[in-house]
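Analysis of the macromolecular model
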Amino acid sequence: MVSRLILVLADQLTRNVAALRDYRDGDLIVMAEVSDEATYVPHHPRKIAFLFTAMRKFAASLREEGLAVAYTTLDDPENTGSITGELIRRADEHGVSEVIATEPGEWRLIQALNDCPLTVRQIEDDRFIATHAEFERWAEGRKELRMEWWYREMRRKTGLLMEGDEPAGGKWNYDHDNRKPAPGEIDFSGPMRFTPDETTEEVLTLVGNRFGNSFGSLDDFWFGTDSEQASRALTRFIKHALPNFGDYQDAMMSEEQFLYHSIISVYLNSGLLDPMDACRAAEDAWKAGDAPINAVEGFIRQIIGWREYVRGIYYREGSDYAKRNDLNHNRSLPGFFWGDDTQMRCISKTVEQTRTQAYAHHIQRLMVTGNFALLAGLNPQEVQDWYMAVYADAYEWVMSANVIGMTQFADGGIVASKPYVSSANYIDKMSDYCKGCHYSAKKKTGEGACPFNLLYWHFLDRHREKFEKNPRMAQMYATWDRMSDEKQTTIRDEADTFLNRMAQGALV
Ligand code: SF4
């Protein structure tokens, strides 16, 4: 006799997830590969393959433990195609109506569970350092919700890199040490790669058949797909890449897709890796003298600082946060975000890496694609849907504050104190993309001028009313004002021409 259903979603693949901790005899765990979840944005086939494989292996591990699991594969003829459909089908089969679920990481699914005719109890997901209530308490009454202050709270709470009440090494944040440009050579051969096993091969065939026409390649699939493999990937990063991670975390290289990055967000966000385990492993490396503080602090800050912060913002701001468009940007995403040709080498390299790996690091996302989208005035919802679709680690709880807040300034300044825009200068300094580009990073106007240069001033000019009083932008407006009327007109005209050509689908 089944008494209750326990729902486990694709990004809740750990025995330690709240609903599973509540498992008792008579419960039935429900897991399902459903087309609604695979297609609400056109997810990268690699992301779908990763999640379906990890789900199948996790379900098998639960059964081995003796737990009862009802698992629906995508090609099951009885598959209803949605999470709530599968819950209702299993509830009917077993004559039960009570469902225990761990709160989903997307408002869309939270609402679907609320609307489900069964009795669904959603328990807060406690795989994070902070609860919703803790973030609320911290945010309440503050004029500005800056990540740095939240991060310090999390350092104190976890005790990570703390010496009593003081930060280890005397500084909370070593970001200034972590901005070295692209090195000539990388002495790390990239993240640990796993040869697909039988389950993975089966899923790769299924996903290839169903989603093979979507943007993204399944070739050379190497992600780990269980917690043991995720731990091994972490260990390799800590041992071989962490020491240099800090120095080069913002660098970008055309032929080095991973540099010294960990590529563990895909494991953290699906539940295969525990965030505190990852942080403690990095802290241990520092204590053992195997990694410098700037690298370890930078790594830990991304997990207990930024990751917790973006989640806090997402739940605090509510379900309309992802729909905000404070700058009223409404241009459609150009085809080169989906792999059409572009002469902008930085974009072309980042998108190509995204197509082959379902991965790009934070600066490629922030300062190449995100920066371009903001400068060009692309619609922030379309931009968010793109990030949600193409990255294997993307879920709405993590993408919204990153895209709507950080990269697109569409939330009006909740996350960022000024828009993250830059001309070609930054990309030229931090990458090797500009060498060999059709455009010239140094050229501001005229034939071959880099579009980032034109659009940078165009953005500031068209949003002058909004930003000219922002003290962090005064310098930029002073520079613009020093330009002659003629130069300003040339920039406006050339930027408009570029945007019109882009909208018409011309090769830009
Ligand atoms: Fe990108 Fe401009 Fe550099 Fe080309 S010149 S790679 S478009 S920043």
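Only a predicted model underlies this, so the values are computations on that prediction, with no experimental measurement involved.

**What about the pairing of strand β2 (residues 27-32)?**
Most of β2 sits out of view: six of its six residues are buried. Burial along β2 is two-sided: D27, I29 and M31 and L28, V30 and A32, pointing in opposite directions, are all buried. The sheet contact formed by β2 and strand β3 (residues 69-72) spans four bridges and is parallel. Paired with M31 across the bridge in β3 is Y71.

**Remarks on the site of the ligand**
All residues adjacent to the ligand are M344, C346, A424, I427, Y433, C434, C437, Y439, A441, C450 and F452. Tallied by class, the residues present in the shell around the ligand amount to 11 nonpolar, no polar and no charged.

**A short note on the packing of helix α13 (residues 293-317) against helix α17 (residues 396-407)**
The interhelical angle for the contact between α13 and α17, taken along N-to-C directions, is 85 degrees, at an axis separation of 8 Å. As summarised for this structure, α13 and α17 are arranged roughly perpendicular, according to the angle between their axes. In this structure, α13 contributes W306, R307, V310, R311, I313, Y314 and Y315 to the contact, and α17 contributes E396, W397, V398, S400, A401, N402 and M406. For the contact of α13 with α17, the per-class residue count stands at nine nonpolar, two polar and three charged.

**Thoughts on the packing of helix α19 (residues 451-462) against helix α22 (residues 485-503)**
Contact pair α19 / α22: the axes reach a minimum separation of 9 Å and the direction vectors enclose 110 degrees. It follows from the interaxial angle that α19 and α22 lie roughly perpendicular. In this structure, α19 meets α22 at a crossing whose hand is left-handed. In this structure, α19 contributes P451, L454, L455, W457, H458 and D461 to the contact, and α22 contributes I491, R492, E494, A495, D496, F498 and L499. Split into classes, the residues belonging to the contact of α19 with α22 amount to eight nonpolar, one polar and four charged.

**Observations concerning the pairing of strand β1 (residues 4-7)**
Here β1 shows no split at all, with R4 and I6 on one side and L5 and L7 on the other all buried. With four bridges joining them, β1 and β2 adopt parallel strand pairing. Note on β2: the bridge partner recorded for R4 is D27. Sheet topology places β1 next to strand β4 (residues 98-102); three bridges connect them, and they run parallel.

**Notes on the packing of aromatic side chains**
According to the stated counting rule, one finds 34 aromatic pairs in the structure shown. Summarising the aromatic geometry, the rings of F135 and W138 are spaced 5.4 Å apart at their centres and angled 50 degrees between planes, so their arrangement reads as tilted. On the criterion of helical spacing, the pair formed by F135 and W138 is a turn pair, its members being three residues apart in helix α6 (residues 132-139). The two residues F135 and W138 agree in class, both being buried. Aromatic rings pair up to connect F336, F337, F372, W386, Y387, Y391, F452 and F498 into one cluster. Geometry around Y40 places R108 over its ring, the cationic atom sitting 3.7 Å from the centre. A cation sits over an aromatic face here: K418 above Y420, 5.6 Å from the ring centre.

**Structural notes on the environment of S217**
With respect to the helices, strands and loops of the structure, S217 is situated in the loop between α8 (198-211) and α9 (227-240). On the basis of relative accessibility, which here comes to 9%, the residue S217 falls in the buried class. The spacing of S217 and R355 is 138 residues in sequence and 5.9 Å in space, taken between C-alpha atoms. Ignoring anything within four residues of it in the chain, the contact list for S217 reads H44, R46, R355 and T356. Engagement of the side chain of S217 in a polar contact is seen with the backbone nitrogen of D219, the distance being 3.0 Å.

**Quick look at the side chain of H361**
Structurally, the position occupied by H361 is in the loop between α14 (345-357) and α15 (362-376). Judged by relative accessible area, H361 falls into the buried class, the value being 1%. A polar side-chain atom of H361 sits 2.8 Å from the main-chain carbonyl oxygen of A251. Looking at H361, its side chain comes within polar contact range of the main-chain nitrogen of I363, at 3.1 Å.

**Here we look at unusual backbone geometry**
A positive phi is found at N328, a non-glycine position, where the angle reads about 50 degrees. Here N328 lies in the loop between α13 and α14. Backbone geometry places F409, a non-glycine residue, at a positive phi of 50 degrees. Inspection of the secondary structure assignment puts F409 in the loop between α17 and α18 (424-430). F409 sits in the buried class, given a relative accessible area of 4%.

**Concerning the domain arrangement of the protein**
Considered domain by domain, the protein is made up of domain 1 (4-123), domain 2 (132-190 + 241-317) and domain 3 (335-503). Taking only C-alpha atoms, the centre of domain 1 and the centre of domain 2 are 31 Å apart. Listed as interface residues are 14 residues of domain 1 and, on the opposing side, 10 residues of domain 2. Taken together, both faces of the contact between domain 1 and domain 2 bury some 860 Å²; the carbon and sulfur share is 56%. Counting the surface domain 1 buries against domain 2, the share from its top three residues, F50, E103 and W107, is 54%. Between domain 1 and domain 2 we count zero salt bridges in total. Of all elements in the fold, only α3 (45-64) and α5 (107-115) reach the threshold of two or more residues within the side of domain 1 that touches domain 2. Among the elements that take part in the side of domain 1 that touches domain 2, α3 stands out by supplying three residues, more than any other.

**Some thoughts on helix α4 (residues 83-94)**
With 12 residues, α4 ought to run about 16 Å at 1.5 Å a step, and its terminal C-alpha atoms sit 17 Å apart, in line with that. Every buried residue belonging to α4 is among I83, T84, G85, E86, L87, R89, R90 and A91, and all of these are buried. Buried positions along α4 lie against β1, β2, α2 (35-39), β3, β4 and α5. Where α4 begins, one side-chain oxygen reaches toward the backbone nitrogen of G85, 2.9 Å away; that side chain belongs to S82. Among the residues trailing α4, G95 stands out with phi positive, at a value near 65 degrees.

Quick notes on the rules
- Residues numbered from 1 in each chain as written.
- Predicted model: local features only at pLDDT ≥ 70, side-chain atom pairs only at ≥ 80, totals over all residues.
- Heavy atoms only, no water.
- Buried < 20%, exposed > 50% of the residue type's maximum accessible area, 1.4 Å probe, protein only.
- Helix = DSSP H or I, 4+ residues; strand = E, 2+ residues; numbered from the N terminus.
- Pairing = 2+ DSSP bridges.
- Near = heavy atom within 4 Å.
- Nonpolar A, V, L, I, M, F, W, Y, C, P; charged D, E, K, R; others polar.
- Axes fitted to C-alpha atoms, helices over the stretch in contact; angles between N-to-C directions.
- Parallel < 35°, antiparallel > 145°, perpendicular 65-115°, else oblique.
- Contact = heavy atoms within 4.5 Å.
- Left-handed = near helix turned anticlockwise from the far one by under 90°.
- Phe/Tyr/Trp six-rings, centres within 6.5 Å; stacked < 30°, edge-to-face > 60°.
- Lys NZ or Arg CZ within 6 Å of the ring centre and 35° of its normal.
- Polar contact = N/O pair within 3.5 Å; in protein donor to acceptor, adjacent residues only side chain to side chain.
- Domains from an automatic or database assignment.
- Buried area = accessible area lost by both parts, 1.4 Å probe.
- Salt bridge = Lys/Arg side-chain N within 4 Å of Asp/Glu carboxyl O.
- Expected span 1.5 Å × (residues − 1).

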